[in-house]
Amino acid sequence: MSVLTPDPVLRLLERAAAHCGPGAARLHALLAADFPAALSRRPAQLLRTAEANAEDLDQLLAMAGFADTEDLRACAARETGRRLPVPDQRIADREGEPGDRTALRRILAREQENLAGTLDALHANGALELAARAVVAGRRRWVFGDMKSIGYAALVAADLSAALRDVTLVQPGVGAAVTALADAGDQDVLITFSFRSYSRHTVRVAREFHALGGTVVAITDGYDSPVCAYATHVLAVNTRSESRTHSPTAVTATGHLLASLAAAGAKGAARRAQRRHALTRALSDGEVTTPADPPERTAP
């Protein structure tokens, strides 16, 4: 019995490029001109040289049967019997700068570590589940974030509003906070974000909400955060970063998971989400939802 020999890598890429766009064709030509040495370059470098984009590369690889560029490199190395050097991970914006050869790899590793560590811990200690139960049980839900956390708060409020009623995004500023606190009650829930450098305004809002008897869910960077003194539930998130600002990766994921768990535990959440989707589509398309005609009234 004869053993079929796999098609050469370049042949696979050539056939795939014929079914993709011009960007994929340029990528194939670039790889073929210096194969397999071209695979020692970073994907971003290949894209810039070929004047292509990430979608072109993904389509080319998928059509050729490769999972990603690492899979392509491994197949090329086996086929040619050459050990291909790992692509240079240096990041440099200007020509001639030495750059940092490990920056990209370090940044990616840090973000992966933040996300995995945070989600594992929240699952293991049950904090995420308890916080979601509190959100569902609340009469009204208030979401607040100051400074950089404004964006986090807006995302969570949008996710919660799709499945739950009585969700209010509290805008930053004393006036909006006073209005919210004046309307809040002891059966309400406040979801708040607080990270270094800690906003005094956020801590004060949490303090006053706690004084009302409400439940405070704090998404923050550690149990020593000032907002924890007033929080019933603390979701501790890893925000370590290779830059001077805290990492948003695990923060955003935690907020989304909190809203998703709350939606999963709320009665009628799916029906509300479907109704919102239908209304959004009707309003966006200019359609008019006509109510059913009322029954005819008969004389007594």
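See the structure above.
Not measured: the values here are computed from a predicted model. Within each chain, residues carry numbers counting from 1 in the order of the written sequence. Side-chain atom pairs in this predicted model are given and counted only at pLDDT of 80 or more, local residue features only at pLDDT of at least 70, and totals for whole chains, interfaces and linings cover all residues. Each side-chain value is derived from all of the structure's non-hydrogen atoms; neither hydrogens nor water enter the calculation.

Draft legend 1. Fine view of the packing of helix α1 (residues 9-17) against helix α4 (residues 54-64). Every axis in this analysis is a line fitted to C-alpha atoms, fitted for helices over the stretch in contact. Angles between the N-to-C directions lie between 0 and 180 degrees. Here a strand is any run of E in DSSP of at least two residues, a helix any run of H or I of at least four, and the numbering for each starts at the N terminus. Taken N-terminus to C-terminus, the directions of α1 and α4 make an angle of 115°; their axes are 8 Å apart at the nearest point. For α1 against α4, the interelement crossing comes out right-handed. For the pair α1 and α4, the contacting residues are Leu 12, Leu 13, Ala 16 and Ala 17 in the first and Leu 60, Met 63 and Ala 64 in the second. Under the scheme applied here, ten amino acids are nonpolar (Ala, Val, Leu, Ile, Met, Phe, Trp, Tyr, Cys and Pro), four are charged (Asp, Glu, Lys and Arg), and all others, including Gly, are polar. Broken down by class, the residue content of the contact of α1 with α4 amounts to seven nonpolar, no polar and no charged. In this scheme the handedness of a crossing depends on how the near helix is turned from the far one: anticlockwise by less than a right angle means left-handed, clockwise means right-handed. It only takes one pair of heavy atoms within 4.5 Å for two residues to be counted as in contact.

Draft legend 2. Highlighting the pattern of salt bridges. Counted as salt bridges are all cases of a side-chain nitrogen of Lys or Arg within 4 Å of a carboxyl oxygen of Asp or Glu. The full count for this structure, using the stated rule, is ten salt bridges. When the shortest N-O distance is used, the salt bridge between Arg 11 and Glu 14 registers 3.3 Å. You can see Arg 11 and its partner Glu 14 sitting in helix α1, three residues apart, about one turn around the helix. Buried residues are those whose accessible area, probed at 1.4 Å on protein chains only, stays under 20% of the maximum for their type, while exposed residues exceed 50% and partly exposed ones sit between those limits. Its relative accessible area of 39% is what places Arg 11 among the partly exposed residues. With relative accessibility at 40%, the residue Glu 14 sits in the partly exposed group. Each of the salt bridges in this network shares a partner with another, and the network as a whole consists of Arg 110, Glu 113 and Arg 240.

Draft legend 3. Highlighting the sheet that holds strand β4 (residues 215-220). Note on pairing: two strands pair once DSSP finds at least 2 bridges between them. Pairing within the open sheet is parallel, and its five strands lie in the order β2-β1-β3-β4-β5. Looking at the sheet topology across the chains shown, the edges are occupied by β2 (167-170) and β5 (233-236). Pairwise comparison of adjacent strand axes, ignoring direction, gives a mean angle of 15° for this sheet. When strand β1 (residues 141-145) meets strand β3 (residues 189-194), the two strands line up parallel, connected through five bridges. Pairing of Gly 145 across the sheet is with Phe 193, part of β3. Against the sheet, helix α7 (residues 127-137) contacts β1, β3, β4 and β5, and its axis sits at roughly 135° relative to β5. Against the sheet, helix α8 (residues 149-161) touches β1, β2 and β3, its axis set at about 160° to β1.

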